[in-house]
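Coordinates in review
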Amino acid sequence: MSTATARACANIALVKYWGKRDAARNLPAAGSLSLTLGALVTETTVAFDPALASDELNLDGASARPADVSRTSAFLDLVRAEASITTRARVTSTNDFPTASGLASSASGYAALAVAATTAAGITMSPRALSMLARRGSGSAARSIFGGFVRMHAGQAVDGSDAFAEPIVSRLADRVRMVIAIVGGGAPKAHGSRDAMDHTAATSPFYRAWVELVPHDLAAADGALAAADLATLGTIAEANSLAMHASAIAARPAIWYWQPTTLALLAEVRALRQRGAAAWATMDAGPHVKVLTSIDEAEAVAAALRTVPGTTSVTISGPGGPATVTT
Ligand code: 2P0
């Protein structure tokens, strides 16, 4: 039996991924930009065992649903093909934060799985190749292979080139914090991201405009990172998140993830800014609000968010490191 354990941090996109150009290879329609978060960690152990007749998945201490087992098994098939093995595996994965509620558990989950499974299968891959492998499990997982600020490159539709992630060095990494306000107790989300982004692409009159916007936001965000300009980065991040949600809300029928507390938190972030604070909101496929801020202001921002009725909990996270093998 061959076993390995890996840890990976979740990431929150500042310029979002929402739509694919190729479902079979899980290629995104556009690039994205994220911050890996040290406070949201998945630990995954993969044990290839010749005694197993099929793959097994234990998620947060319980046997996983058949759909999650199949998706994990399809991912392990990619690793088995690479390693020229057929052995089935026992996968045990735990998140130290709510699973599948819009807190990027599929990002940290597939990044940790990619690192643990390749290590257990005895194959060595470069970080870039690992990001392309993790992407096949979940698009956002490619970004969780790396720490700090991470850029996902879409690849070229014309030549079919592959999409991969790479880290971006910025002095801002030493100065930023993400304040995570959990809404609704971290309950599982109503619409899985994968189906929701496909539905948006198929039916939203604003989807095309969204895809055309992303390269402009990425270029502006790259400039802000190079200049270590938090205000510009935050302004782009909040606007980009709202544009992603606008495209999803305009889908028919609509996809919307917000709850009344989500809007109350957005109003609080705007009020904080009007009082001169560095605070910009971003939302994903769930009701939670994540606020980009500075290391100096994170405690005050967190205190303000805790006063918003309906907020379940508030956590401050600094940038996290890359996905790593632990044993
Ligand atoms: C992101 N999200 O950039 C965006 C923002 C959710 C909202 O990437 O189909 O679970 O597995 O590639 O990675 C969530 O989508 O989708 C996501 P698949 P994934 O973080």
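Residues numbered from 1 in each chain as written. Predicted model: local features only at pLDDT ≥ 70, side-chain atom pairs only at ≥ 80, totals over all residues. Heavy atoms only, no water.

**Concerning the overall build of the protein chain**
Check the secondary structure of the protein chain and you find eight helices and 14 strands. Computed over C-alpha atoms, the radius of gyration of the protein chain comes to 19 Å, within 12% of the 20 Å expected from 2.2 N^0.38 for 327 residues, which places it in the range of a compact globule. Sequence-distant contacts in the protein chain: of pairs separated by 6 or more residues, those separated by 24 or more amount to 76%. Summed over its atoms, the accessible surface of the protein chain is roughly 13200 Å², and 56% of this surface lies on carbon and sulfur atoms. (Helix = DSSP H or I, 4+ residues; strand = E, 2+ residues; numbered from the N terminus. Rg over C-alpha atoms; globule rule 2.2 N^0.38 Å. Contact = heavy atoms within 4.5 Å. Areas by Shrake-Rupley, 256 points an atom, 1.4 Å probe, with all protein chains shown as cover.)

**Some remarks on the layout of surface pockets**
As a volume, the second largest pocket reaches approximately 190 Å³. Contributing to the lining of the second largest pocket are K20, A23, A24, N26, R71, A74, F75, L78, Y110, R136, G137 and R194. Within the residue set of the lining of the second largest pocket, elements represented by two or more residues are α1 (66–83) and α3 (127–137). The element contributing the most residues to the lining of the second largest pocket is α1, with four residues. Class assignment of the residues belonging to the lining of the second largest pocket gives a composition of six nonpolar, two polar and four charged. (1 Å grid on protein atoms, 1.4 Å probe; cavity = no way out; pocket = protein on both sides within 12 Å on 5 of 7 lines; lining within 4 Å. Points joined across faces, edges and corners; volume = space filled by probe spheres on them. Nonpolar A, V, L, I, M, F, W, Y, C, P; charged D, E, K, R; others polar.)

**Regarding the packing of helix α5 (residues 207–226) against helix α6 (residues 230–249)**
At their nearest, the axes of α5 and α6 sit 10 Å apart, and the two run at 170° to each other. It follows from the interaxial angle that α5 and α6 lie roughly antiparallel. Relative to α6, α5 is oriented so that their crossing is left-handed. Contacts between α5 and α6 involve Y207, W210, L213, V214, D217, A220, A221, A224 and L225 on the former and, on the latter, T232, L233, I236, N240, A243, M244 and S247. (Axes fitted to C-alpha atoms, helices over the stretch in contact; angles between N-to-C directions. Parallel < 35°, antiparallel > 145°, perpendicular 65-115°, else oblique. Left-handed = near helix turned anticlockwise from the far one by under 90°.)

**Structural notes on the domain arrangement of the protein chain**
Along its sequence, the protein chain is organised into domain 1 (2–170) and domain 2 (172–317). Opposite the 32 residues of domain 1 that make contact, domain 2 presents 47 residues. When domain 1 packs against domain 2, close to 3100 Å² is buried across both sides, 68% of that on carbon and sulfur atoms. The largest per-residue losses of area from domain 1 upon contact with domain 2 belong to L14, K16 and W18, which jointly make up 28% of the total buried on that side. Connecting domain 1 to domain 2 are two salt bridges. The salt bridge involving K16 is made with D284; its shortest N-O contact spans 2.6 Å. (Domains from an automatic or database assignment. Buried area = accessible area lost by both parts, 1.4 Å probe. Salt bridge = Lys/Arg side-chain N within 4 Å of Asp/Glu carboxyl O.)

**Considering the site of the ligand**
Inspection of the region around the ligand gives 18 residues, with Y17, K20, G139, S140 and R194 positioned closest. In the environment of the ligand, an oxygen atom lies 2.6 Å from a nitrogen or oxygen atom belonging to the side chain of S140. When isolated, the ligand has an accessible area of 470 Å², and the protein chains bury 94% of it. Tallying contributions element by element places helix α4 (residues 193–203) first for the shell around the ligand, with three residues. Its residues assigned to classes, the shell around the ligand comprises six nonpolar, six polar and six charged. (Near = heavy atom within 4 Å. Polar contact = N/O pair within 3.5 Å; in protein donor to acceptor, adjacent residues only side chain to side chain.)

**Notes on the sheet that holds strand β11 (residues 279–282)**
Ordered by their spatial adjacency, four strands build an open sheet running β11-β12-β10-β13, and the pairing between neighbours is antiparallel. Each edge of the open sheet carries a strand with a single partner, namely β11 and β13 (311–317). Mean inter-strand twist for the sheet, computed between neighbouring axes without regard to direction, equals 20°. Pairing of strand β10 (residues 176–183) with strand β12 (residues 289–294), which is carried by six bridges, proceeds in the antiparallel orientation. Directly across from M178, in β12, lies its bridge partner L292. Across the sheet, α6 lies against β10, β11 and β12, angled at about 30° from β11, the strand it touches most. In the packing of helix α7 (residues 260–274) onto the sheet, the strands contacted are β10, β11, β12 and β13, and the crossing angle to β11 comes to about 155°. (Pairing = 2+ DSSP bridges.)

**Overview of the packing of aromatic side chains**
Under the definition given, this model contains two aromatic pairs. Here W18 and Y257 contribute two aromatic rings whose centre-to-centre distance is 6.4 Å and whose plane-to-plane angle is 85°, an arrangement assigned as edge-to-face. Of this pair, W18 sits in the loop between β1 (2–15) and β2 (20–22) while Y257 sits in the loop between α6 and α7, and the two are 239 residues apart along the sequence. With respect to class, W18 is no different from Y257; both count as buried. Between F75 and Y110, the aromatic rings sit 5.4 Å apart at their centres with planes inclined by 70°, giving edge-to-face as the arrangement. (Phe/Tyr/Trp six-rings, centres within 6.5 Å; stacked < 30°, edge-to-face > 60°. Buried < 20%, exposed > 50% of the residue type's maximum accessible area, 1.4 Å probe, protein only.)

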